[in-house]
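# Fold and contact review
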Amino acid sequence: MFFVPRLITFRISHYCEKVRWALDRIRFPYIEECHLPPLHRLKTTPVGGSSVPVLVTQAQVFKDSADILNYLDTLTPLHLKLYPTSSVLRHEVDELEAQFNCQLGVLTRQWGYFYALANRTLMQQLWCQGIPSWEKLLFPVVFPLTCRLAYSSYNVNRQSALTAYHQIQQIFEAVSHRLSDGRRYLVGDCFSAADLAFASLSAPALLPPEYGGLFPSLLQLPHEMVEQVHTLRDTVAGRYVLRLYQQERYMANI
Ligand SMILES: N[C@@H](CCC(=O)N[C@@H](CS)C(=O)NCC(=O)O)C(=O)O
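Residues numbered from 1 in each chain as written. Predicted model: local features only at pLDDT ≥ 70, side-chain atom pairs only at ≥ 80, totals over all residues. Heavy atoms only, no water.

The protein is annotated in an unreviewed UniProt entry as Glutathione S-transferase family protein from Mojavia pulchra JT2-VF2.

So this is what it looks like as structure tokens:
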């Protein structure tokens, strides 16, 4: 029987979006299995993982977005590879991807959840899309626990959201500066894992319309957050991400 790889996700998660983008780019066949946090652990724990995304292939289980991108690159034709063959450029891409994974992704999640978690109806829409019906039914029971877990494990509060926003701005300034010489991509002259990581992990702060998961519309968000989204969109780095989403999210593999 034909085995179709499974991608275990939260539909909203930007780390999951990072992997979805890489999979879609090479038309890798997969089935996305969305779950409500923390019920995802019922799926990730038996295969030896914890957080999402987890990619389950016939031969192996990959439990981290960077590992998944590295694995996919071994299956990718030369012109679509996300990691350069030159060792110098490869080192730069690895460093940027790791920095975006460890800092940017954590900050945009902390900042975004501060505004979104307060709206139960919105969170129901965002966390329940694509999940099994029995998990949807459990939402009212699970929501208070999921919310508490999100507040505590991601240290979500007004002060941390303010600090996170300033740190996001600093990362955007550094990326804007990098792009100021007119280059088309962050490293070398090709779209790489650095671009993909920067775009997907900053997406919660820019809400690009082409996002492959599910985000709220600006109309559903508080004014203060919307203003900050507009400020970030109106930077060189912000415009860069919006362009990458328009040009690279669905069309690169043609
Ligand atoms: N380093 C991981 C981070 C992934 C991550 O932080 N995932 C979050 C969702 S955005 C998660 O699964 N949190 C729940 C958990 O850890 O069980 C990666 O890049 O794959």
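Next comes the rest of the account.
## Remarks on the environment of D64
Of note, D64 is situated in the loop between β4 (61–62) and α3 (65–73). A relative accessible area of 34% means that D64 is categorised as partly exposed. D64 sits 42 residues away from A22 along the chain, and the two C-alpha atoms are 13 Å apart. (Helix = DSSP H or I, 4+ residues; strand = E, 2+ residues; numbered from the N terminus. Buried < 20%, exposed > 50% of the residue type's maximum accessible area, 1.4 Å probe, protein only.)

## Section: the sheet that holds strand β2 (residues 31–34)
Taken together, four strands build an open sheet; the order of strands is β2-β1-β3-β4 and the sheet is mixed. Among the strands making up the open sheet, the edge pair consists of β2 and β4. Relative to β4, strand β3 (residues 54–56) runs antiparallel, the two being bridged by two bridges. Across the sheet, V56 pairs through a bridge with V61, a residue of β4. (Pairing = 2+ DSSP bridges.)

## Points about the packing of helix α7 (residues 158–179) against helix α9 (residues 223–233)
Across the interface, α7 lies against α9 with an axial gap of 11 Å and an inter-helix angle of 10°. In terms of their interaxial angle, α7 and α9 are classed as roughly parallel. Contact with α7, carried on its side by R158, Y165, I168, Q169 and F172, involves E224, Q228, T231 and L232 of α9 and no other residues of that element. A class-by-class count of the residues in the contact of α7 with α9 yields four nonpolar, three polar and two charged. (Axes fitted to C-alpha atoms, helices over the stretch in contact; angles between N-to-C directions. Parallel < 35°, antiparallel > 145°, perpendicular 65-115°, else oblique. Contact = heavy atoms within 4.5 Å. Nonpolar A, V, L, I, M, F, W, Y, C, P; charged D, E, K, R; others polar.)

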